[in-house]
Amino acid sequence: MTSPVGLHRVLEPVGVLPQAAWRLDPYAPLGVDEVRVRVERLNLDAASFRQLSEKHGGDGVAVRAEVLEIIADRGKMHNPVTGSGGMLIGVVDEVGPLSPLPVKPGDRVATLVSLTLTPLVVEDGLAGWDGRGEQVPCVGRAVLFARSVVAVLPDDLDPRLSLAVLDVCGAPALTSRVVGGYRSPSVAVLGGAGKSGSLALAAARRAGAGRTVGVVPVSAERDRLVAAGLASAVVLADARDPVGLSAAVVGALGAPADVTVVCVDVPGCEHGAILATADGGTVIFFSMATSFSAAALGAEGLAADVTMLVGNGFVPGHAALALDLVRADAGVRALFEARLAAD
């Protein structure tokens, strides 16, 4: 008997949910409420790809080998160091007769749940991937559960662009919700030139933000973000330097931010984000590199009266909102397309 959350696919340790499991069974016959997808492309999350790339000194062959090893060992793409995975696109191959998911065979779809809980088999050895970019051409198959979330890819956008956008679509949706709860708030986005950061800036502006500042670590990203026109100000700062980051945000906004959105893929940014946020403000953590114990203890140690939210990747309507932002905002689209071209 199948479980709508995939318990029947858990091999080790039995009794935990698929995301927490060490190993899943991607080979069992398709359940009556499951969907099988022919995989075309994986999108590794930024924190996971950075960790693998840095571990192997940028050696793409070694990165590819480790990704294959992880998938073979675990039955899913679940980086044991970062605890993160990514998502995928593919074509629906078979739909169980009791599946509640709104898809049919032949639909090209993107999974809006993490690869850390998605049973996955790779059949081509990732032969089309050089190990040097987050997007991974792939021939394989994956299984979606009854409680999975999936989106049919739009016809008007390049599938690679849609995949990149949908990989981070929770960020703009939650940013929009939080910003809408304030009256013309100031918003700081750490990692503002990246995928989730640029979408968060665009969503904040649409939701009624007063002033926005994008924080980036290097001048090349500053120039790209200025050209995109997504922020009222763009500043250079190391998000791991609490005092320097706070000074940069206050210098740009005239005061700490009402809302701070963390979209960087390196650890150690918790204290800076808290210090850069006004009392009564909100910090949204979207990075998988975040240490939530460091965030909680840091806020306590700084006597910071801030609300801290974990971006869990799901907000109702998140896919449609993110895709609409890319369609409507030329600056966001330009940043995404430049990133894809570089990959």
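Structure shown above.
The rules we used
- Residues numbered from 1 in each chain as written.
- Predicted model: local features only at pLDDT ≥ 70, side-chain atom pairs only at ≥ 80, totals over all residues.
- Heavy atoms only, no water.
- Helix = DSSP H or I, 4+ residues; strand = E, 2+ residues; numbered from the N terminus.
- Salt bridge = Lys/Arg side-chain N within 4 Å of Asp/Glu carboxyl O.
- Buried < 20%, exposed > 50% of the residue type's maximum accessible area, 1.4 Å probe, protein only.
- Pairing = 2+ DSSP bridges.
- Axes fitted to C-alpha atoms, helices over the stretch in contact; angles between N-to-C directions.

### Brief notes about unusual backbone geometry
A cis amide bond, omega -15°, links E12 with the succeeding residue P13. Tracing the backbone through its elements, the reader meets P13 in the loop between β1 (10–12) and β2 (23–24). Within the chain, L126 stands out as a residue other than glycine whose phi angle is a positive 55°. Along the chain, the position of L126 falls in the loop between β6 (120–122) and β7 (135–144). The phi angle at A303 is positive, at roughly 50°, despite the residue not being glycine. The topology assignment puts A303 in the loop between α9 (292–301) and β14 (307–310).

### Considering the pattern of salt bridges
Overall, the coordinates contain 21 salt bridges when judged by the stated rule. We note a salt bridge from E12 to R23, for which the minimum N-O separation is 3.5 Å. Of this pair, E12 sits in strand β1 while R23 sits in strand β2, and the two are 11 residues apart along the sequence. The class for E12 is partly exposed, based on a relative accessible area of 38%. For R23, a relative accessible area of 31% corresponds to the partly exposed category. Between R206 and D324 there is a salt bridge, with its nearest N and O atoms 2.8 Å apart. Of the two residues, R206 sits in helix α5 (residues 195–206) while D324 sits in helix α10 (residues 318–328), which places them 118 residues apart along the sequence. Salt bridges here are not isolated pairs; linked through shared partners, they connect R36, R38, D93 and E94.

### Structural notes on the sheet that holds β7
A sheet is described by the order of its strands in space; here six strands give the open sequence β6-β7-β3-β4-β5-β8, paired in antiparallel fashion. The open sheet has two edge strands, β6 and β8 (150–152), and neither has a second partner. Within the sheet, the average angular offset between the axes of one strand and its neighbour, ignoring direction, is 35°. The sheet contact formed by β6 and β7 spans three bridges and is antiparallel. Within β7, the position partnered with L120 by the bridge is A142.

Bear in mind that shape data such as this cannot, by itself, settle questions of function.
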